[in-house]
Amino acid sequence: MKTNSTLAEIAEVLRGRNRFVVMSHVRPDGDALGCTLAMALCLKQLGKDVVAWNEDGMLEKFRYLPGAELIQLPPAAPQPFEVAIVLDNAVRNRAGRCVEAVAPGALWINVDHHITNDRYGDLIHIDSTAPATGQILFELFRASDLPITSAMADNLFVAISTDTGSFQYPNTTARTYEIGAALVRLGVNVGDLSQKMYESYPRRRLELLREMLNVLRFTSGDRVASFALTAQTAQRLGVLPEDNEGLIDYIRAVQGVIVAAFFEELGDGRVRISLRSKSPKADVSKVCGQFGGGGHTLAAGARVPGTLSEVQEKVLAAIAQELNAH
């Protein structure tokens, strides 16, 4: 297994090379986009030539992030770079078309906090104890005396807050709170950012939640709660893929539920699954691993070939097996 590069080794590349591309995973969340922008803004402060890509571009719900205009769709033709930096992305191909848009010859840097990361790249730094990749980036910038502007601080705060459930999930540590405090000292307006993160959803998201609660299922002796979104329902409501992020937390919060599951019918013959667990004894990364996915013990996902009903039954059976094993 390839060993971790030190933060100092990564910082040396950031200072010594000139042309960079920064990317993260498809269907990006706050950690993915916040980290992409924080890194891109840091490199710009160093005077580097840098572009930031995501296969899905900048999501509507995160357009308030400082520097949001930097994130572009990857080009069709491969572009030459000295360094390609991939953040918060456990498997190389989950960065989608961004990977193919980098011409051969680049040095690849992989920084992530997923325990299932397959350790691709030339320089890697994987810390599965970190609750968010944003926390790793803060440590990189601070330990290496790299610039952290107020705009970068906002992006890092959003990265950490969204991936820790607003500093509530079990992997949130004292260090996480210390970093949060440091980011506030750097200029983060907690009230303003929190309102944009958690209190500015479009109405269509509420309409989607209503539809999902109407198809809510409880299985495994009410220890598993799940709902499913058909492509037809998504089209009828006019929802965006980003609108379903976080809906799973409503059913995960039900008393007695240990695992929550969300199934989304995609248009390519696959079903996207998202699993959340409230107990480390119910390791949903193991469940998703059976279907070619991965993630964390308490939060994981996969894209599974098959019909919606087929995938639901297979995954619910695998969840039941994981629960019964413990």
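What you see is a predicted model; the values in this text were computed from it and never measured.

Asker: How should I be thinking about helix H5 (residues 150-163) in this particular structure?
Answerer: Within an α-helix, residues lying three or four positions from one another point in the same direction, as the helix has 3.6 residues per turn. With 14 residues, H5 extends 20 Å from end C-alpha to end C-alpha; this agrees with the ideal 20 Å at 1.5 Å per step. Of all 14 residues in H5, eleven are buried, a share of seventy percent or more. Among the residues of H5, those classed as buried are Met152, Ala153, Asp154, Asn155, Leu156, Phe157, Val158, Ala159, Ile160, Ser161 and Asp163. Next to the buried residues of H5 lie helix H2 (30-45), helix H4 (133-143), helix H6 (174-185) and helix H7 (190-198). With its phi angle positive at about 60°, Gly165 sits one or two positions after the end of H5.

Asker: What's the story with the sheet that holds strand E11 (residues 294-295) in this structure? I'm lost.
Answerer: Remark on secondary structure: sheet strands pair via backbone hydrogen bonds, oriented parallel or antiparallel. The sheet built from six strands is open, its strands ordered E7-E8-E9-E10-E12-E11 with mixed pairing. Single-partner strands in this sheet number two, and they are strand E7 (217-219) and E11. Bridging between E11 and strand E12 (residues 299-305) involves two bridges; their strand directions are antiparallel. Paired with Gly294 across the strands is Gly301, a residue of E12. Sitting on the sheet, helix H8 (residues 203-214) touches strand E8 (224-229) and strand E9 (259-265), and the angle it makes with E8 is about 120°. Relative to the sheet, helix H12 (residues 308-324) contacts E7, E8, E9, strand E10 (270-277) and E12, its axis offset from that of E9 by approximately 165°.

Asker: I tried to follow the sheet that holds strand E5 (residues 107-112) on my own but got confused; where do I start?
Answerer: If you trace the six strands from one edge of the open sheet to the other, you get E3-E2-E1-E4-E5-E6, paired in parallel fashion. Looking at the sheet topology across the chains shown, the edges are occupied by strand E3 (71-72) and strand E6 (123-126). In terms of strand pairing, E5 meets E6 through four bridges, oriented parallel. Considered in E6, the bridge of Asn110 is made with Ile124. Contacts from H4 reach strand E4 (83-87), E5 and E6, with the element oriented near 115° to E5.

Asker: What am I meant to see in the nonpolar core here?
Answerer: For soluble globular proteins, nonpolar side chains are generally found buried alongside one another. In this structure, Leu14, Met39, Ile85, Leu137, Leu140, Phe141 and Leu183 are the most contacted members of the largest nonpolar core, which totals 54 residues. Look past the residues within four positions of Leu137 in its chain and what remains in contact with it is Cys35, Met39, Leu87, Val111 and Leu156. Leu275, Ala300, Val315 and Leu323 belong to the second-largest nonpolar core, a separate cluster that totals 23 residues.

Asker: It is not clear to me how H12 should be interpreted in this structure. Could you clarify?
Answerer: Between its first and last C-alpha atoms H12 spans 24 Å; for 17 residues at 1.5 Å apiece the expected length is 24 Å, and the two agree. When H12 is considered as a whole, its buried residues turn out to be Leu308, Val311, Gln312, Val315, Leu316, Ala318, Ile319, Ala320, Glu322 and Leu323. Buried positions along H12 lie against E7, E8, E9, E10, helix H11 (284-289) and E12.

Asker: Honestly, the pattern of salt bridges in this entry has me stumped. Any pointers?
Answerer: Oppositely charged side chains can form a pair if their charged atoms are brought close together. Taken as a whole, this structure holds 15 salt bridges when the rule is applied. Two residues, Arg19 and Asp49, come together in a salt bridge whose shortest N-O distance is 2.9 Å. Of the two residues, Arg19 is situated in strand E1 (residues 19-23) and Asp49 in strand E2 (residues 49-53); the sequence distance between them amounts to 30 residues. A relative accessible area of 40% means that Asp49 is categorised as partly exposed. Note that Glu207 is salt-bridged to Arg203, the shortest N-O span being 3.3 Å. Taken together, the residues span about one helical turn, with Glu207 and Arg203 both in helix H8 at a distance of four residues. The exposure class of Glu207 is partly exposed, given its relative accessible area of 21%.

Asker: Would you explain the packing of aromatic side chains in this entry?
Answerer: Ring pairs (aromatic) are described by centroid distance and by the angle formed between their planes. Applying the stated criterion across every chain, the model contains five aromatic pairs. Note on Trp53 and Phe81: the rings are 5.4 Å apart at their centroids and 80° apart in plane angle, and the pair reads as edge-to-face. Taken as a pair, Trp53 in strand E2 and Phe81 in the loop between E3 and E4 lie far apart in primary sequence, 28 residues in all. Of the residues examined, Phe81 reaches a relative accessible area of 8% and is grouped as buried. Ring geometry for Phe157 against Phe167: centres 5.6 Å apart, planes inclined by 45°, an arrangement best described as tilted. Residue Phe157 is found in helix H5, and its partner Phe167 is found in the loop between H5 and H6; the two are separated by ten residues along the sequence. In this structure Phe157 comes out as buried when scored by relative accessible area, which is 5%. Three or more aromatic residues joined by ring pairs form one cluster here, namely Phe157, Phe167 and Tyr177. It is Arg92 that lies over the ring of Trp108; its NZ or CZ is 4.9 Å from the centre.

About the cut-offs
- Residues numbered from 1 in each chain as written.
- Predicted model: local features only at pLDDT ≥ 70, side-chain atom pairs only at ≥ 80, totals over all residues.
- Heavy atoms only, no water.
- Helix = DSSP H or I, 4+ residues; strand = E, 2+ residues; numbered from the N terminus.
- Expected span 1.5 Å × (residues − 1).
- Buried < 20%, exposed > 50% of the residue type's maximum accessible area, 1.4 Å probe, protein only.
- Contact = heavy atoms within 4.5 Å.
- Pairing = 2+ DSSP bridges.
- Axes fitted to C-alpha atoms, helices over the stretch in contact; angles between N-to-C directions.
- Core = buried A, V, L, I, M, F, W, Y, C linked by side-chain atoms within 4.5 Å.
- Salt bridge = Lys/Arg side-chain N within 4 Å of Asp/Glu carboxyl O.
- Phe/Tyr/Trp six-rings, centres within 6.5 Å; stacked < 30°, edge-to-face > 60°.
- Lys NZ or Arg CZ within 6 Å of the ring centre and 35° of its normal.

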